[in-house]
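Now for the letters of each chain:
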Amino acid sequence: MKVTAIISQELIEEAMELSKADTITEPLKVALISYIRSQKVKQIGASIVSEPLEFKYSAQELRDLNR
C-alpha cells in the first residue's frame, strides 16, 4: 500500500540512522510495529487492572499438588 505522509526530513534521517536502514520504508515499519505492540500491552494492562487475575489454588496447595 502506498501512503503519502508529511514527516520532517530530520525525523526520517534520524530513524534511518538509528535503524541502519537503507530505505525510508524500513524504519517506518519498525516504528508502526513498535507502536502497535506498545498499545496492545497498554490494553492488556488496563484489562488486568479492571479485571484482576484470580488464582484457583494457593501457593501451598500448588506445592502439595506437585509432590
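Residues numbered from 1 in each chain as written. Predicted model: local features only at pLDDT ≥ 70, side-chain atom pairs only at ≥ 80, totals over all residues. Heavy atoms only, no water.

Per an unreviewed UniProt entry, the chain is named DUF2191 domain-containing protein, and its organism is Arthrospiribacter ruber.

Caption draft 1: Inspection of the overall build of the chain at higher detail. Counting secondary structure elements, the chain contains three helices and zero strands. A compact globule built from 67 residues should have a C-alpha radius of gyration of about 11 Å, whereas the chain, at 22 Å, is more than 25% larger. Reported as C-alpha extents along the three principal axes, the dimensions of the chain are approximately 60 × 25 × 25 Å. Of all 67 residues assigned to the chain, the portion counted as buried reaches 6%. For the chain, the accessible surface area stands at approximately 6,800 Å², while carbon and sulfur atoms represent 60% of it. (Helix = DSSP H or I, 4+ residues; strand = E, 2+ residues; numbered from the N terminus. Rg over C-alpha atoms; globule rule 2.2 N^0.38 Å. Buried < 20%, exposed > 50% of the residue type's maximum accessible area, 1.4 Å probe, protein only. Areas by Shrake-Rupley, 256 points an atom, 1.4 Å probe, with all protein chains shown as cover.)

Caption draft 2: Focus on the layout of surface pockets. Taken as a whole, the largest pocket holds about 400 Å³ of empty space. Lining the largest pocket are 13 residues, and of these Val3, Ala5, Thr25, Leu28 and Leu32 lie nearest its centre. Those elements giving two or more residues to the lining of the largest pocket turn out to be α1 (9-19) and α2 (25-50). When residues of the lining of the largest pocket are assigned to their parent elements, the largest contribution, five residues, is made by α2. (1 Å grid on protein atoms, 1.4 Å probe; cavity = no way out; pocket = protein on both sides within 12 Å on 5 of 7 lines; lining within 4 Å. Points joined across faces, edges and corners; volume = space filled by probe spheres on them.)

Caption draft 3: Structural view of a negative patch on the surface. Taken together, the side chains of Glu10, Glu13, Glu14 and Glu17 make up a negatively charged region of the molecular surface. The class for Glu17 is exposed, based on a relative accessible area of 62%. (Patch = residues over 30% accessible without salt bridge, like charges linked within 9 Å, V, L, I, M, F, W, Y side chains within 5 Å. Salt bridge = Lys/Arg side-chain N within 4 Å of Asp/Glu carboxyl O. Lys, Arg positive; Asp, Glu negative; His and termini not counted. Charge placed at Lys NZ, Arg CZ, Asp CG, Glu CD.)

Caption draft 4: Structural detail: the confidence of the model for the chain. Taken as a whole, the chain shows an average pLDDT of 93; of its residues, 100% reach a score of 70 or greater. For the chain, helix α3 (residues 59-65) is the element with the lowest average pLDDT, namely 91, and α2 is the one with the highest, namely 95. (pLDDT = per-residue confidence, 0-100.)

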